[in-house]
Every structure is written in structure tokens, then in C-alpha cells.
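Here is how the chains run, residue by residue.
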Amino acid sequence: MTSSPPRPRVRMTGEQRRRQLLDIGRELFAQRGFEATSVEELAARADVSKPVVYEHFGGKEGLYQAVVDREMQALLDRFTSALATPGPPREMLESAALVLLDYIEEETDGFRVLTRDAPGSGGGASFSSLIGEVARKVEHILGREFGDRGFDSRLAQLYSQALVGMVALVGQWWLDNRTIDKRRVAAHLVNLSYNGLAHLEQHPHLGREAPPTAG
């Protein structure tokens, strides 16, 4: 029985190889976390030698940080696009909630990487700094609304942190609890943040959707 010839190694440009390593790192870091992922496994999945990983990223820490930075920018771009056009406060809240839930649904590995504990020696971006950046964008919207209504606009910072933090924590919970539909989760988030506990709707819904028959 003759053995099959070895599979030829795929030749890539430097940029293609970098993107490949980022994609593989994203998947492995999401599945295993930083500590349990090795350079050997990263290299093996990419069908390259270990020095190639070091050449592009300086090591596992560099690859991890590059993955985090890329995911943070992708999520921030979504928020920026959704909040770019001013609208009624309730619609803006709906958009912000759905942006995060859409990202979790469509880019689950990316969100898992963002919300895992970063390596102790790593610096740079983190999920908390991303949430802070989103909160600053929301702060401008709330500041405008507060000013129009005669409220102290300085409190917009406090309220933006509270709103974005609530959405982010619920998003982390929904990551592993998909029994509730995404739009229902968003509707309940808006229900609490917009109406408050004293005026909760029993069966909240988004925008012009027909009210559901169950909460």
C-alpha cells in the first residue's frame, strides 16, 4: 500500500497569514481561554512553525491582545453606527441593546474572548474599557436630553455608565442563557431602563411591534 504524498503547505502573504492567525487565535482563546491555549497548538492549527507566530505577534500575549483589539473595534463600530443618528431616547436604547445582543449572537467567539479574564501580564484594551467608551458615546446623547428637559447635564455621565453597564451584564448572562428570544431580552432591558421599576410594562415590546401575549 503506497502512502499518500504530503499535503502541500498553503502559501500566504504576510497579511493573509496574520489574519489567519488572528482567526485561529480568536477561536482557541474563546474555547479554552488564554492560559490553556499554547503557541504550539496555535501554530499547528495554522500549519506553520512556532517562529511564524512569534514573527507576527511576538508571542501568545501579542496575538491575544491583537485579537481583543480587533473584536473591540468591531463592536465599537457597531455601536457608533447605531448611535450616529439622533432619535427618540427609547429608540436609542433599543438600538444600543440590540447592537450588543446581535454581536453576541453573530460573533459569539469574539464576545467570549472579550469577556474572559485577560492574562495578568497583559495591558492594553479590555472589555471594561470598551464599555467605558460606549458609555461616553451614550453620555453625549443623555446630556442633550437632560439639557432639553432642564435636568443637570453633569449627571449624564452617571446615567450612561448605569445604562451601558446594565446592558453589558445582561449580555454576558444571555451568552449562556439563550432560552429567551433576543428581541424580548432587549425589550425587557428597555422596559427597565426607560420606564423604571415603578412603571414597568407587563408585556414590553420593541418599537412598533405588536405587544406579546406573554411577558
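Our structure's up above, just so we're on the same page.
Computed from a predicted model, the values in this text were never measured in an experiment.

Q: It is not clear to me how the overall build of the chain should be interpreted in this structure. Could you clarify?
A: When helices and strands are counted, the chain shows 9 helices and 0 strands. Moving toward the C terminus, one meets the helices and strands of the chain in the order α-α-α-α-α-α-α-α-α. Within the span of the chain, comprising 215 residues, buried residues form 39% of the whole. For the chain, the proportion of contacts with a sequence separation of at least 24, taken over those separated by at least 6, is 64%. For the chain, the accessible area works out to roughly 12,400 Å², and carbon and sulfur atoms hold 52% of it.

Q: Whenever I open this one, the environment of D77 confuses me. Can you help?
A: Tracing the backbone through its elements, the reader meets D77 in helix α4 (residues 60-82). For the pair D77 and V134, spaced 57 residues apart in the sequence, the C-alpha separation amounts to 10.0 Å.

Q: Looking at this model, I keep getting lost on the environment of V190. Mind explaining?
A: Take V190: it is sitting in helix α9 (residues 182-195). Once the C-alpha coordinates of V190 and A97 are considered, the two residues, 93 residues apart in sequence, prove to be 7.7 Å apart. Apart from the residues within four sequence positions on either side, V190 is in contact with R90, L93, E94 and N195.

Q: Would you take a moment to explain the environment of D69 for this structure?
A: With respect to the helices, strands and loops of the structure, D69 is situated in helix α4. You can call D69 partly exposed: its relative accessible area is 36%. Taking the C-alpha atoms as reference points, D69 and L130, 61 residues apart in sequence, are found 9.7 Å from one another.

Q: Which parts of the structure should I look at to understand the nonpolar core?
A: One broad rule of soluble globular proteins: the nonpolar side chains tend to lie buried together. With 60 residues, the main nonpolar core has F29, L75, L114 and L130 as its most contacted residues. Looking at which element gives the most residues to this core, the answer is helix α5 (residues 89-106), with 10 residues. Ignoring any residue separated from it by four or fewer positions in sequence, one finds L114 in contact with V68, E71, M72, L75, Y103, F127 and L130.

Q: When you look at the packing of α5 against helix α8 (residues 156-175) in this model, what are you seeing that I'm missing?
A: Helix packing geometry: the angle between the two helix axes and the distance between the axes. Between α5 and α8, whose axes approach to 10 Å, the crossing angle comes to 30 degrees. Between α5 and α8, the interaxial angle falls into the category roughly parallel. Remark: the crossing between α5 and α8 carries right-handed chirality. Residues L93, A96, A97, L100, L101, I104 and E105 of α5 touch α8, and the partners they reach there are L163, V167, A168, G171, W174 and L175. Classifying every residue of the contact of α5 with α8 by side-chain character gives 11 nonpolar, 1 polar and 1 charged.

Q: Can you help me understand the packing of α5 against helix α6 (residues 108-115) in this one?
A: At a minimum axis distance of 5 Å, the contact between α5 and α6 shows a crossing angle of 110 degrees. Judged on the interaxial angle alone, α6 and α5 are roughly perpendicular. Within the contact between the two elements, α5 uses L100, Y103, I104, E105 and E106 and α6 uses T108, G110, F111 and L114. The class makeup of the residues in the contact of α5 with α6 is 5 nonpolar, 2 polar and 2 charged.

Q: Would you mind going over helix α1 (residues 14-32) with me for this structure?
A: In an α-helix, one turn spans 3.6 residues, which is why side chains three or four residues apart end up on the same side. Between its first and last C-alpha, α1 extends 26 Å over 19 residues, near the 27 Å set by a 1.5 Å rise per residue. For α1, the complete set of buried residues consists of R17, Q20, L21, L22, I24, G25, R26, L28, F29 and A30. The inward-facing, buried residues of α1 abut α2 (39-46), α3 (50-57), α4 and α6. Directly beyond the C-terminal end of α1, a positive phi value near 85 degrees is found at G33.

Scoring rules and cut-offs
- Residues numbered from 1 in each chain as written.
- Predicted model: local features only at pLDDT ≥ 70, side-chain atom pairs only at ≥ 80, totals over all residues.
- Heavy atoms only, no water.
- Helix = DSSP H or I, 4+ residues; strand = E, 2+ residues; numbered from the N terminus.
- Buried < 20%, exposed > 50% of the residue type's maximum accessible area, 1.4 Å probe, protein only.
- Contact = heavy atoms within 4.5 Å.
- Areas by Shrake-Rupley, 256 points an atom, 1.4 Å probe, with all protein chains shown as cover.
- Core = buried A, V, L, I, M, F, W, Y, C linked by side-chain atoms within 4.5 Å.
- Axes fitted to C-alpha atoms, helices over the stretch in contact; angles between N-to-C directions.
- Parallel < 35°, antiparallel > 145°, perpendicular 65-115°, else oblique.
- Left-handed = near helix turned anticlockwise from the far one by under 90°.
- Nonpolar A, V, L, I, M, F, W, Y, C, P; charged D, E, K, R; others polar.
- Expected span 1.5 Å × (residues − 1).

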